[in-house]
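Results of the structural survey
Next come the chains, spelled out residue by residue.
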Amino acid sequence: MTAYRLPASNPSNAVIRRDKSVFFTFDGQQYMGLKGDTLASALSANDVRLVGRSFKYHRPRGLFSAGPEEPSALMTVGEGAHREPNSRATMVELFDGLKATSQNRWPSLKHDLAAVNGMAGNLLSAGFYYKTFMGPSRDAWMIYEHFIRKAAGMGAGSFEPDPDTYEHMHGYCDVLVVGAGPAGLAAATQAANSGASVYLCEDNPQFGGSLLGDFSEVKGKSAPEWASDQIDALKNNDTVTLFARTTVYGAFDDMTFGALERLTTHDPNPAQGQARMRHWTIRAKQIIVATGRIDRPIVFPGNDVPGVMLLDGVHRHALKYAVAMGKSVSVFANHDGAYGAIADLAKAGVGIANVIDPRPTVTMDQAELVRQAGADLIKGAVVCGTTGGRALKSIKVSKWENGLLSGGSWGLECDCLAVSGGTTPLIHLASQSGARPRFDEAMSAFVMPGPLPEGWHSAGGAFAEFEMSDAIRSGTRAGSAAAKALGLAPKRATPVSITGIDFSLAPDKIMPLWEVPKSASGSKQKAFVDLQHDVTADDIRLAEVEGFHAAEHLKRYTTLGMAADQGKTSNVNGMAIMAHALGTSIEEVGTTRFRPPYIPVTLGAIAGENVRGHLQPTRKTPMHDWHIRHNAEMMNVGLWKRPRVYYKPGETLEQAYVREAQCVRASVGICDVSTLGKIDVQGPDAGEFLNRLYTNGFAKLPVGKARYGLMLRHDGLLFDDGTTWRLSETQYLTTTTTANAATVMAHMEYYLSVWWPDLKVRVSSMTDNWAAASLAGPNARKVLASVTDFDVSDAALPFMGVTPASIDGIYCLIARLSFSGELAFEIFWPACHGDTVWRRLMDAGTPYEITPYGIEALGTLRIEKGHIAGGELDGRVTADDVGLSAMCSTKKDFIGKALMTREALLAEDRIQLVGLVSQNDMALKAGSHLVINETAKEPAVSEGHVSSVTYSPVMEKYIALGLLKGGRDRHGETLYVTDPLNGTHIAATVTDPIFYDKAGEKMRG
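Let us look at the structure shown here.

The rules we used
- Residues numbered from 1 in each chain as written.
- Predicted model: local features only at pLDDT ≥ 70, side-chain atom pairs only at ≥ 80, totals over all residues.
- Heavy atoms only, no water.
- Helix = DSSP H or I, 4+ residues; strand = E, 2+ residues; numbered from the N terminus.
- Pairing = 2+ DSSP bridges.
- Salt bridge = Lys/Arg side-chain N within 4 Å of Asp/Glu carboxyl O.
- Buried < 20%, exposed > 50% of the residue type's maximum accessible area, 1.4 Å probe, protein only.

**Things to note about the environment of Ile143**
Its place among the elements puts Ile143 in helix H3 (residues 140-151). In this structure, the C-alpha to C-alpha distance between Ile143 and Cys663, residues 520 residues apart in sequence, is 48 Å.

Okay, structure coming up:
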């Protein structure tokens, strides 16, 4: 055992196992801890005081607390693909073989060269990044960016794929109890005994909270023993589900809560396939918040030296883990509650050197406790400085009268300073319910105002019930209230008797003390408010001078509370210092809103099972296997897998799609278009329904004909396009773009349900029912004629004609449509025969050297023809922008008609569809801006952007479609296609968007 491991005592035996040694490494050096230790307690037991470096100044940082509020002891745990940065050492359970590494330092933790930043303190004050990285020229950011990105963040994650698995679960209960301390145990017991189903969630490995580190007796038993009895009773109750290592991190609408359960983070050898974490979505009828409270620090010069800690952190480490945080501990506190902790520390064997209390008087009982602890009591005094670099050596103390330092200061040697400036109730979850916290002047803390929302109940330290007896009573009361709200009859609870030291943190027993100003002490040491982000008290005052007074503005300007602890230990002090600077109350300054998550939630847990091949559902067309067998490169298009190109040996991507497009133009090609949205619209009012949805008319469309249609949003902008086939007097088949298939279906259902329920229409998605192919090229008719008995001549099946037919006895629908600009047919047939009909068409096309083509060639063909698709349908264009205003009927009403004529949507400088031809045989890039500046260095105003690009075998040039301001009047103009991120600036000629067969003779042939 180390010199800092305390002798056995009842509370300390509740967590650690002295007979079970555990070996781990920190920065490559091996240490020994005990089963039940956290990484923080094990390092402290081994006298490791320096554990990290701060973000901005790279100052030495030591352990500060014992829970999720820890701002300083952030480490990288694990290695390789299992590496997880910014792990709070206070929440990392020790296990054999654990490897931890300090972060934010180079070349080592003890010798960090970036600590030179501390010498530039005035240059790195609040808001320095806003003031520094704005200029002096437009190109300056390109220089800054590399260094800013290199300096950003604390730890570094792994570039390897995460090998762990994660789960999502849903839970339903009558009562959700958050926190398993004395209040939470009492609340869960009372609710369960009343007949409610209960979820009890505790973020620590053990249930019991403060009971596990308390010398009090409850009903004649030690606090840990009484807690064990309560937990055993709950485990044996069938209506109770216990969740250890589970943090309820967020409250959402309709009594829905997010929780993170850590399953194997403490296990060096998890079972094969065992999930590392589980994300719970919990829906509860009632919730009891028993999340407890944390100590609040006091701001004073030199308060960041390793060894300066929260009193509660020193107390919990001593009583739960039997670790002394120093051999000579000083206590600096301003309230009665600290004296109970001092008595516990002395009883556990921690050496207390002195107690500094800024209040001029204390009670005789308190003075006696200090005497029994062997410590000196210094009343009416404050700590005004420290000495030590990587570890605390001594503190400076001065007299404190009427809020001012008086007289000189003197030194006291110690290796740990335990600080408590009051308490901060953990009201984060309750605040997420929508209520805004208020500041209680008497308690010097933010608390929740008045009654909580319906279904919410409070208990324990989170709501100012600080003493154990009060916490247990409030938990029982909350359990009864939740049961009553459920219509259950609460059981009579047996009163609980508590024996032990009772020093309450009552409102009248605390003297507010937020800061010991360094100006008053003459100290040159910085006084830190946020330890991780190096926000000082002077930074807060500078923010006030520069006008950032509001809590949210203060947070973002100074980065106060933006660290991993999200301001748990810094925000209240920051608001108090701002209030003093403004000469107003803390209540008026307020606090930032507490938003989920309460703790960092790993991205793996959020993703759950939706990773790798399960990132999204995979949809395959009926011909998918055929494509794979024929060297197709598959790519994701929405949720679908579609062929991009079909490679021949040695081909590049461009060579492959150019060859495929040339084959379509020269003879015949076939493309799998099964992914098109297909919606069956039936009923006596089907035509009227489509008339209202589309800009052009469908009610008078003859049976056996198809028509191209545009659909607008309410705001008059283009939503989708496609063709609609009239199959009978009361039946239409509407096709949509692949990306919008589900959206258009939902759009139709919404209007039928909400706006036009009187229409006699039913819609059904047929996307998965039909396989589909586009047969295109001069020889397409010959191929199709060879596989069907139906007459597909121009006279029998003219352009935009639709007919039922069969191929080898398989029913199909054939429409004469063209997206390529060539003679083309779209063929739909039952998906169960997908491969059969596809292979039949391929066989029939062999004499004509039929070529399957993918979406790259499809894009080439449609760009040459000037057809719009996803790149142009980006939600910002009107029908007129893309040259289709003639399709907007003036004789009927339709969705979007009222707003499509707004002045701004008819402006002459609106972006309009144009073609672009590269002037120097360089490939254009989609998303690039169109500018008039000949050189890339000149400041440029975007005239528009490139929407779709390809190499055109017809033009033998790189071409594109784009959207350009006043584009229809700018044909022939030279513009520059610029992409600053990739450093390209290419001259291009503006042309008509139709590059190929503008008269449409080929597709009508």
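**As for the sheet that holds strand E45 (residues 851-852)**
The strand order across the open sheet formed by six strands is E42-E43-E44-E41-E35-E45, and the pairing between neighbours is mixed. Taken across any chain shown, the strands that pair with only one partner, and hence form the sheet edges, are strand E42 (802-807) and E45. Strand direction decides the pairing type here: strand E41 (residues 770-776) and strand E44 (residues 824-830), joined by seven bridges, are antiparallel. Bridging across to E44, Ala772 finds its partner in Phe828.

**Considering the pattern of salt bridges**
Scanning the model with the defined rule gives 48 salt bridges in all. Here Asp304 ties to Arg61 by a salt bridge, and the two come within 2.4 Å at their closest N and O atoms. One end of the pair, Asp304, is in the loop between strand E16 (293-295) and strand E17 (308-310); the other, Arg61, is in strand E4 (residues 60-61), with 243 residues separating them in the sequence. Both residues of the pair, Asp304 and Arg61, count as buried. Arg595 is paired through a salt bridge with Glu552; the nearest N and O atoms lie 3.8 Å apart. Pair noted here: Arg595 is in the loop between helix H15 (586-589) and helix H16 (603-607) and Glu552 is in helix H13 (residues 551-558), with a separation of 43 residues, a long-range link. Of the residues examined, Glu552 reaches a relative accessible area of 22% and is grouped as partly exposed. Each of Arg59, Arg61, Asp304 and Asp534 takes part in one network of salt bridges that share partners.

**Details of the pairing of strand E34 (residues 640-646)**
On any regular strand, side chains alternate: one points to one face of the sheet, the next to the other face. Extensive coverage of E34 is indicated by the burial of five of its seven residues. In this sheet, E34 lies alongside strand E32 (residues 619-620) in parallel orientation, the contact comprising two bridges. Each residue of the ladder has a partner; that of Lys620, found in E34, is Lys641. Where strand E33 (residues 632-637) lies against E34, six bridges are found, and the strand directions are antiparallel. Within E34, the residue paired with Asn636 across the bridge is Lys641. Joining the antiparallel neighbours E33 and E34 is a turn of two residues, in which Gly638 adopts a positive phi near 65°.

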